[in-house]
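Summary of structural features
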Amino acid sequence: MREFITPADAREQMRIDSDADDRWLAIWIPVVSAAVAAWLKEEWRLYVLQRDSAGKLVRDIAGRPVPAEDSNGEPILHPSVIAATLLELASQYRFREGEGDNVVPADAGHGYVLSKAATAQLAPLRRTTVA
């Protein structure tokens, strides 16, 4: 699984100026990246999408949108994915025991994955589904 932010990004977001939390970051950056990807459901939704000269989405043979790539040929993460990852990581850091922003309300049901701030950041990228 690709990590959506670096430890340096995380330290800057959370104003961490020592290496005391390096182990915590090493565990939680991949966990939060995976949670963000799972919440979006479809991998292509993580990325900025390629468009043709007419502005239409470029699709692969299966009909899925094709991610735009950087100069190294890597897919470009959507800025909202990066922002949501930073927000969720900061929330998990601040509320390590599941309190505050990370409390799951009784009526939320199974599948509650991200904090409200991260969910709000990603909502425009996710396909709406009904169970």
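These remarks concern the structure in this document. Since this is a predicted model, take the numbers as computed values, not measurements.

**Points about unusual backbone geometry**
Even without glycine at this site, Arg15 takes up a positive phi of about 55°. The topology assignment puts Arg15 in the loop between helix H1 (7-14) and helix H2 (22-40). Look at Lys41: it is not a glycine, yet its phi comes out positive at around 75°. Here Lys41 is to be found in the loop between H2 and helix H3 (79-94).

**Considerations on the pattern of salt bridges**
Under the counting rule described, the total for this entry stands at three salt bridges. For Glu42, the salt bridge goes to Arg45, with nearest N and O atoms at 2.5 Å. A salt bridge links Asp60 to Arg64; the nearest nitrogen and oxygen atoms lie 3.2 Å apart. Given the relative accessible area of 29%, Asp60 is considered partly exposed.

**Quick notes on the packing of aromatic side chains**
By the definition in use, this model includes two aromatic pairs. Between Trp24 and Trp28 the ring centres are 5.5 Å apart and the planes differ by 15°, which places this aromatic pair in the stacked class. With Trp24 and Trp28 both in helix H2 and four residues apart, the pair spans about one turn of that helix. On the basis of relative accessible area, Trp24 is assigned to the buried category, the value being 13%. Consider the rings of Trp24 and Tyr93, whose centres lie 5.1 Å apart with planes at 75°: the pair is edge-to-face. Of this pair, Trp24 sits in helix H2 while Tyr93 sits in helix H3, placing them 69 residues apart in sequence. Among the aromatic residues, those joined into a cluster by ring pairs are Trp24, Trp28 and Tyr93. The ring centre of Trp39 lies 4.3 Å from the NZ or CZ of Arg126, which sits over that ring.

**Some words on the packing of H2 against H3**
Interhelical geometry of H2 versus H3 gives an angle of 130° and a closest axis separation of 9 Å. Between H2 and H3, the angle is such that the two are oblique. The handedness of the crossing between H2 and H3 is right-handed. Each of Trp24, Leu25, Trp28, Ile29, Val32, Ser33, Val36 and Leu40 in H2 lies in contact with H3, whose residues at this interface are Val81, Thr85, Glu88, Leu89, Gln92 and Tyr93. Its residues assigned to classes, the contact of H2 with H3 shows 10 nonpolar, three polar and one charged.

**A look at the side chain of Gln92**
Inspection of the secondary structure assignment puts Gln92 in helix H3. By relative accessible area, which is 17% here, Gln92 ends up buried. Engagement of the side chain of Gln92 in a polar contact is seen with the side chain of Glu88, the distance being 2.8 Å.

What counts and how
Residues numbered from 1 in each chain as written. Predicted model: local features only at pLDDT ≥ 70, side-chain atom pairs only at ≥ 80, totals over all residues. Heavy atoms only, no water. Helix = DSSP H or I, 4+ residues; strand = E, 2+ residues; numbered from the N terminus. Salt bridge = Lys/Arg side-chain N within 4 Å of Asp/Glu carboxyl O. Buried < 20%, exposed > 50% of the residue type's maximum accessible area, 1.4 Å probe, protein only. Phe/Tyr/Trp six-rings, centres within 6.5 Å; stacked < 30°, edge-to-face > 60°. Lys NZ or Arg CZ within 6 Å of the ring centre and 35° of its normal. Axes fitted to C-alpha atoms, helices over the stretch in contact; angles between N-to-C directions. Parallel < 35°, antiparallel > 145°, perpendicular 65-115°, else oblique. Left-handed = near helix turned anticlockwise from the far one by under 90°. Contact = heavy atoms within 4.5 Å. Nonpolar A, V, L, I, M, F, W, Y, C, P; charged D, E, K, R; others polar. Polar contact = N/O pair within 3.5 Å; in protein donor to acceptor, adjacent residues only side chain to side chain.

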